[in-house]
Amino acid sequence: MLLMRVFVTGATGFIGSAVVKDLIAAGHQVLGLCRSNDKAAALAAAGAEVYHGSIDDADSLKKGVAQADGVIHLAFKHDFSTFVANCEDDRRVIKALGAALAGSDRPLIVTSGTGLANTVPGQPAEEDNAIVGCDVHPRAATEETAVSVAADGVNVSVVRLPQVHDPVKQGLITPLIGMYREKGVCAYMGDGHNRWPSAYVLDVARLYRLAIEKAEPNAKYHAVAEEGVSIRAIAEALGRRLKLPVKSITPEEAPTYFGWLARFAGHDVPASSAQTRKKLGWEPTGPGLIADLEALQISAT
């Protein structure tokens, strides 16, 4: 295995910090993008070199790329009230990273979501499925840009994420927990049989490392341990942990109850990782989503 110096954006985030530790444990060096002095100490303590910069500064990104053998792009603005704008920001970031990598064969791993590939009715999303466009799902901007920079000579591949979890954070379920606590009831739509895929955060971190080590151009990977956990099972687990009642609501009630989450709450978006496991030899070993929700660390507020 060729050891690399990897530039990681989002290096202090939930998934990024786990990726940094996994890379370093495997013998790689990490240059971690960090805009916050408060988080720099933790990044340095993990063994990474801190690179002060921002995804909003294209020149900063290009200088970071110049110091690395490969790039894992994890940074994303998670304010879902400006989701469309955030996805377009990601397009600009990937263009900047791609411009700095073009023609070098140094790998770029970008981050997307498994929901883009739920394009075969009744079947879990598979890695080689056609994806929806950004007119259907704004996050498709990421993969559209990956195709564009690949055409410019960039060795780019995509990791698609499900709900990534541990007992502290669980992807979209984390803001859902806040809604449940605020409203005093754990709701799901209809029969609640619609499903979300999931994976434990340390398993996801290992997948990113395997993906950049393989550096296969145009590869698509699904970081999925569980193909689909029903929203009803999620609501019931949280009801037990939060000591709140659980109930079904109608699709008509969903926008008022879920707010911006309503666009996701009723979707059935299972996903397979069979191709990923075969390509990378990746086998997730961490706890399942419901186990982590049963062990949920609950703050006082």
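All values derive from a computational prediction rather than experimental measurement.

Visitor: Looking at this structure, I do not really get the sheet that holds strand β10 (residues 220-222). What am I missing?
Guide: In any sheet, the strands associate via hydrogen bonds between backbone groups, in a parallel or an antiparallel arrangement. As summarised here, the arrangement of the 7 strands in space is β3-β2-β1-β4-β5-β6-β10, forming an open sheet in which the pairing is parallel. Strands at the two margins of the open sheet, each flanked by one partner only, are β3 (49-52) and β10. On average, each strand axis in the sheet is tilted by 25° relative to the strand beside it, whichever way the strands run.

Visitor: Explain the environment of Arg91 here, please?
Guide: Within the secondary structure, Arg91 sits in helix α4 (residues 83-101). In sequence terms Arg91 and Ala125 are 34 residues apart; their C-alpha atoms lie 23 Å from each other. Ignoring anything within four residues of it in the chain, the contact list for Arg91 reads Cys134, Ala141, Glu144 and Thr145. A distance of 2.9 Å separates a polar atom in the side chain of Arg91 from a polar atom in the side chain of Glu88. At a separation of 3.2 Å, a polar atom in the side chain of Arg91 contacts the side chain of Glu144.

Visitor: How do you make sense of the packing of aromatic side chains when you look at a structure like this?
Guide: For any pair of aromatic rings, the description consists of the separation of the ring centres together with the inter-plane angle of the planes. What the rule picks out here adds up to 6 aromatic pairs. The interplanar angle of 80° and the centroid separation of 6.3 Å between the aromatic rings of Phe83 and Phe264 together place this pair among those described as edge-to-face. Of this pair, Phe83 sits in helix α4 while Phe264 sits in helix α10 (residues 262-265), and the two are 181 residues apart along the sequence. Residue Phe264 is classed as buried on the basis of its relative accessible area of 13%. Ring plane angle 75° and centroid distance 4.7 Å describe the contact between Tyr257 and Phe258, whose orientation is recorded as edge-to-face. According to the relative accessible area criterion, Phe258 is buried, its value standing at 2%. Taken together through their ring pairs, the aromatic side chains of Phe76, Phe83, Trp260 and Phe264 make up a single cluster. One residue, Arg139, lies across the ring of Phe76, its end atom 4.0 Å from the ring centre.

Visitor: Looking at this structure, how should I read the pairing of strand β8 (residues 186-189)?
Guide: Look at any regular strand and the pattern is simple: side chains alternate between the two faces of the sheet. Because side chains alternate across β8, one face comprises the buried residues Cys186 and Tyr188, and the other comprises Ala187 and Met189, equally buried. Note: β8 against strand β12 (residues 246-249), 4 bridges, orientation parallel. Bridge assignment links Ala187 to a residue of β12, and that residue is Lys247.

Visitor: Mind showing me how you'd approach the environment of Ile15 here?
Guide: Mapped onto the secondary structure, Ile15 falls in helix α1 (residues 14-25). C-alpha of Ile15 to C-alpha of Ser273: the two residues are 258 residues apart in sequence and 18 Å apart in space. Once residues within four sequence positions are removed from consideration, Ile15 is found in contact with Leu74, Leu161, Val164, Val201, Val204 and Tyr208.

Visitor: In this structure, what is going on with the environment of His28? I would like to understand it.
Guide: Here His28 is to be found in the loop between α1 and β2 (29-34). For His28, a relative accessible area of 3% corresponds to the buried category. Residues His28 and Leu202 lie 174 residues apart in sequence; the distance between their C-alpha atoms is 17 Å. At 3.0 Å, the side chain of His28 and the backbone nitrogen of Met4 are in polar contact. A distance of 2.8 Å separates a polar atom in the side chain of His28 from a polar atom in the side chain of Glu213.

Basis of the calculations
- Residues numbered from 1 in each chain as written.
- Predicted model: local features only at pLDDT ≥ 70, side-chain atom pairs only at ≥ 80, totals over all residues.
- Heavy atoms only, no water.
- Pairing = 2+ DSSP bridges.
- Helix = DSSP H or I, 4+ residues; strand = E, 2+ residues; numbered from the N terminus.
- Axes fitted to C-alpha atoms, helices over the stretch in contact; angles between N-to-C directions.
- Contact = heavy atoms within 4.5 Å.
- Polar contact = N/O pair within 3.5 Å; in protein donor to acceptor, adjacent residues only side chain to side chain.
- Phe/Tyr/Trp six-rings, centres within 6.5 Å; stacked < 30°, edge-to-face > 60°.
- Buried < 20%, exposed > 50% of the residue type's maximum accessible area, 1.4 Å probe, protein only.
- Lys NZ or Arg CZ within 6 Å of the ring centre and 35° of its normal.

By themselves, these figures tell us nothing about what the structure is for.
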